[in-house]
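Architecture and fold: a report
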Amino acid sequence: MVPPRAICSNCRHSRVEWVELSQKGKLVTYTIVHVSPPQFKHMTPYAVGIVEMPEGVKIPSIIRTSRPEDLKIGMQLEADFSPRPQEGGWPNWPRYFFKETG
Amino acid sequence: MRGKPLATIISAGLSKFGRREGVYARELFAEAALSAFHRVEKLDPSKDIKAAFIGQMSEAYEHQAHTAPIAASWAGIFPAPAMRIENACASSGSALRCGIMAIMSGLYDIVLVGGVEKMTNQPTPEVTGILATASDYPFEQWNGMTFPGLFALMATVHMHEYGTTEEQMAAVAVKNHKNGALNPNAHMQKEVSMDEVLKSRLVSWPLKLYDCSLITDGASVVILTKPKLAKKLSDNYVHIIGTGQAQDTFCLHERESLTTVKAAKTAAQEAYKMADVRPKDINVAELHDCFTIAEIIGYEDLGFCRPGQGGKYVESGAPDLKGSMPVNTSGGLKSKGHPVGATGTAQIHELYLQLTDQADRRQVKDAKIGLAHNLGGSGATGVVHILKGS
């Protein structure tokens, strides 16, 4: 389950455990955002999508790419992490993002 | 219970939709209520209406919460209780269901249901941000996913899996603007060409400006009573014979499929069963075209066509005003406008006009059964109502 939670919505079981996910996953869908909320204006246009991990869960994410026109459903992407965000303000992100495999 | 009236609509009213400068939400609501009251002279609203259920999405537009008592009292409903129902863009569709339950429970004989949103006093980026609050904060908003963005994520998959085209999506906009041009209450009473839609600026690829519904100020009201009291109060009444509502996962990434809105599909199945009708029995429908792709997916979820065939369905002309299944005769959210909290009961207002033969230049001949399809958020809430003329 992403995000992690105390009770499974499908079986209502609460004996859940943490599973470490792979670094790479497959792009399920994407879009290029051209009209954004004020907080994201500095990086507009930007790509967002949903990535499916080999473990079966899907993760929504910003996709950092210099060539958004090359994005394709099914392509491999790699997870990466930013340094811990500064205090305060929204959005103090990203905690993670996906990028093209290199 | 199958096919029997659950509750009966004796009147409906709408404010003018558009950019309504210098008025508060409460004033828009009073305007819609007055237009509903004018249709039922036998009703004394302050005395006869026993409760109000009012859909409104956000307090951010006017820095105002606890809005239902304000809206109701400004409409002269006082001291009857007023409740705000918030389910994002399905707020007043959900409020209608509450009204039906209130009537069916026997607690009240007559209730008012409606919705309102005053959106245009904020600039577009702020409105985009306020609307985005109806998506998941840590996982969707934090990742810069706007509402056009979320529906674009569905559109991208629909195009990939079924070959749906940008032209087919544009055809929804062209159709709905054509209808909206005939609706004096619509925000944009203007036709648009396929070329204008396709060449409009990108909002969230593949969705362009004309694939998106409008940021609109507006309010809508319907008055409900018990089926057996309807005749005494009005000559023009419409029965609600089916109601359905369901949930899906809040976030898009948790869904098995992005080419269907399961909550709407489940709600439709519930409503069809209760009403004892099938998709082919519907004569006129209002679909939640917040984005053109949502109407295409809506055709499929409601069983108007097979899964994946929504693009071809709009191309076939079936959902045109003169087609076999006219969809969004009001102009839809696309052209009539989408004051989010008002949308659910605004759809019901259009069906009320259609089923009582009062839709003027948009009238669908011999319309007997109508369907309204109202989505909340990216489809975490789906509400479907089926109405039958008397």
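Residues numbered from 1 in each chain as written. Chains lettered and ligands numbered in written order. Predicted model: local features only at pLDDT ≥ 70, side-chain atom pairs only at ≥ 80, totals over all residues. Heavy atoms only, no water.

1. Topic: the overall build of chain A
In plain terms, the rule: What counts as a helix is a DSSP run of H or I of at least four residues, what counts as a strand is a run of E of at least two, and both are numbered from the N terminus. Only protein chains enter the accessibility calculation, which uses a 1.4 Å probe. A residue is then buried if its area is under 20% of the maximum for its type, exposed if over 50%, and partly exposed in between. We call two residues in contact when some of their heavy atoms are within 4.5 Å.
On a plain count of helices and strands, chain A comes out with zero helices and five strands. Put simply, chain A runs from its N terminus to its C terminus through helices and strands in the order β-β-β-β-β. Residues counted as buried form 37% of the 102 residues belonging to chain A. Residue pairs in contact within chain A that sit at least 24 positions apart in sequence constitute 51% of those at least 6 positions apart.

2. Things to note about the overall build of chain B
The criterion, for reference: Note on method: radius of gyration uses C-alpha positions; expected globular size equals 2.2 Å times residues raised to 0.38. A 1.4 Å probe and the Shrake-Rupley method give the accessible areas. Residues count as covered only by the protein chains that appear here. Charge assignment: positive for Lys and Arg, negative for Asp and Glu; neither His nor the chain ends contribute. Just so you know, the charge point we use is NZ for Lys, CZ for Arg, CG for Asp and CD for Glu.
Helix and strand counts for chain B come out as 15 helices and eleven strands. For 390 residues, the compact-globule formula gives about 21 Å, and the C-alpha radius of gyration of chain B, at 19 Å, lands near that figure. Along the first, second and third principal axes, the C-alpha set of chain B runs to 55 × 45 × 40 Å. Every one of the 390 residues in chain B was classed for burial, and the buried ones make up 66%. For chain B, the proportion of contacts with a sequence separation of at least 24, taken over those separated by at least 6, is 77%. Carbon and sulfur atoms provide 52% of the accessible area of chain B, an area that totals close to 13700 Å². Taken together, the 39 basic and 40 acidic charged side chains of chain B have centroids lying 7 Å from each other.

3. Considering the interface of chain B and chain A
Here is the rule we go by: Two parts placed together each lose some accessible area; with a 1.4 Å probe, that loss summed over both constitutes the buried area. When a carboxyl oxygen of Asp or Glu lies within 4 Å of a side-chain nitrogen of Lys or Arg, that pair is called a salt bridge. Throughout this description, a polar contact denotes any pair of N or O atoms lying within 3.5 Å of each other; where both atoms belong to protein, one of them has to be capable of donating a hydrogen while the other can accept it, and for residues adjacent in sequence the pair is counted only when both atoms sit in side chains. Note on pairing: two strands pair once DSSP finds at least 2 bridges between them.
Counting residues at the interface gives 31 residues for chain B and 30 residues for chain A. Around 2700 Å² of area is buried between chain B and chain A when both sides are counted, 65% of it from carbon and sulfur atoms. In this structure, the connection of chain B to chain A is made through one salt bridge. Here Glu254(B) makes a salt bridge to Arg5(A), at a shortest N to O gap of 2.7 Å. Scanning the region where chain B abuts chain A turns up 13 residue pairs in polar contact (both at pLDDT 80 or more). Only helix H5 (124-132), helix H6 (137-141), helix H7 (147-162) and strand E5 (202-205) of chain B provide two or more residues apiece to the side of chain B that touches chain A. Top contributing element to the side of chain B that touches chain A by residue count: H7(B), with six residues. Direction of pairing for strand E1 (residues 24-33) of chain A relative to E5(B): antiparallel, over a ladder of two bridges. Following the sheet pairing, Ile32(A) is matched in E5(B) by Trp205(B).

4. Focus on the environment of Gly74(A)
Residues and elements named next belong to chain A. With respect to the helices, strands and loops of the structure, Gly74 is situated in the loop between strand E3 (58-64) and strand E4 (76-80). Gly74 gets classed as partly exposed once you look at its relative accessible area, which sits at 37%. C-alpha of Gly74 to C-alpha of Val28: the two residues are 46 residues apart in sequence and 6.1 Å apart in space.

5. Some thoughts on the sheet that holds strand E1 (residues 7-14) of chain B
Residues and elements named next belong to chain B. Cut-off, in case you're wondering: Every angle, taken between N-to-C directions, lies between 0 and 180 degrees, and every axis is a line fitted to C-alpha atoms, over only the stretch in contact when it is a helix.
If you walk across this open sheet you meet the nine strands as E3-E2-E4-E7-E1-E8-E11-E10-E9, and the pairing is mixed. The two strands at the open ends of the sheet, each matched to only one other strand, are strand E3 (82-85) and strand E9 (284-286). Sheet twist, expressed as the average angle between the axes of neighbouring strands with direction ignored, equals 25 degrees. Sheet topology places strand E2 (residues 52-55) next to strand E4 (residues 110-117); four bridges connect them, and they run parallel. Across the sheet, residue Ala52 finds its bridge partner in E4, namely Leu112. Its contacts with the sheet place helix H3 (residues 67-74) against E2 and E3, and it is angled at close to 125 degrees to E3. Together, E1, E4, strand E7 (218-225), strand E8 (238-247), E9, strand E10 (369-376) and strand E11 (381-389) form the strand contacts of helix H15 (residues 343-355), whose direction differs from that of E10 by roughly 170 degrees.

6. Focus on the domain arrangement of chain B
Residue and element names in this part refer to chain B. For clarity, the cut-off: Bear in mind that the domain bounds are from an automatic or database domain assignment.
Parsing chain B into structural domains produces domain 1 (7-122 + 216-238) and domain 2 (145-214 + 241-389). When each unit is reduced to the centre of its C-alpha atoms, the spacing between domain 1 and domain 2 is 23 Å. Contacts between domain 1 and domain 2 engage 42 residues on the former and 38 residues on the latter. Approximately 3000 Å² of surface area, both sides summed, lies buried where domain 1 meets domain 2, with 62% of it carried by carbon and sulfur atoms. By the criterion of area lost to domain 2, the three top residues of domain 1 are Cys89, Arg97 and Val238, representing 23% of everything that side buries. Where domain 1 packs against domain 2, one counts one salt bridge. For the salt bridge of Arg97 with Glu270, the shortest nitrogen-to-oxygen distance reads 3.8 Å. Our enumeration of links across domain 1 and domain 2 arrives at 20 residue pairs in polar contact (both at pLDDT 80 or more).

7. What about the side chain of His253(B)?
With respect to the secondary-structure elements, His253(B) resides in the loop between E8 and helix H11 (262-275). Within the structure, His253(B) has its side chain in polar contact with the backbone oxygen of Val2(A) (distance 2.8 Å). Each residue touching His253(B), except ones within four places of it in the same chain, is listed here: Val2(A), Pro3(A), Ile50(A), Lys58(A), Ile59(A), Pro60(A) and Phe139(B).

8. Points about the confidence of the model for chain B
To keep it simple, the criterion reads: Confidence of the predictor at the level of single residues is captured by pLDDT, which takes values from 0 to 100.
Of the residues in chain B, 99% reach a pLDDT of 70 or more, and the chain-wide mean stands at 97. Quick note on the complex model: pTM equals 0.97, ipTM equals 0.93.

9. A word on H5(B)
For H5(B), the set of buried residues is Val127(B), Thr128(B), Ile130(B), Leu131(B) and Ala132(B). In this structure, the buried residues of H5(B) make contact with H6 and H7 of chain B.

10. Structural notes on the packing of aromatic side chains
Any two aromatic rings considered together are summarised by their centre-to-centre distance and by the angle between their planes. We apply this condition: Only centres within 6.5 Å qualify two rings of Phe, Tyr or Trp (six-membered ring in Trp) as a pair; their planes then separate them into stacked at under 30 degrees, edge-to-face at over 60, and tilted for everything else. Definition used: whenever NZ (Lys) or CZ (Arg) falls within 6 Å of the ring centre and also within 35 degrees of the ring normal, the charge is taken to sit over that ring.
Scanning all chains against the criterion turns up five aromatic pairs over all chains. Centre to centre, the rings of Tyr30(A) and Trp205(B) are 5.5 Å apart; their planes meet at 15 degrees, and the pair counts as stacked. Note that Tyr30(A) is positioned in strand E1 and Trp205(B) in strand E5, a pairing that runs across two chains. Judged by its relative accessible area of 11%, Tyr30(A) is buried. Residue class for Trp205(B) comes out partly exposed when judged on its relative accessible area of 23%. Between Arg64(A) and the ring centre of Phe97(A), over which it is positioned, the NZ or CZ distance is 3.7 Å.

11. Observations regarding unusual backbone geometry
In this chain, Thr44(A) is followed by Pro45(A) through a cis amide linkage whose omega measures -5 degrees. Tracing the backbone through its elements, the reader meets Pro45(A) in the loop between E1 and strand E2 (46-52). Residue Pro206(B) is reached from Trp205(B) by a cis peptide bond, and omega for that bond is 5 degrees. For Pro206(B), the position within the fold is in the loop between E5 and strand E6 (207-208).

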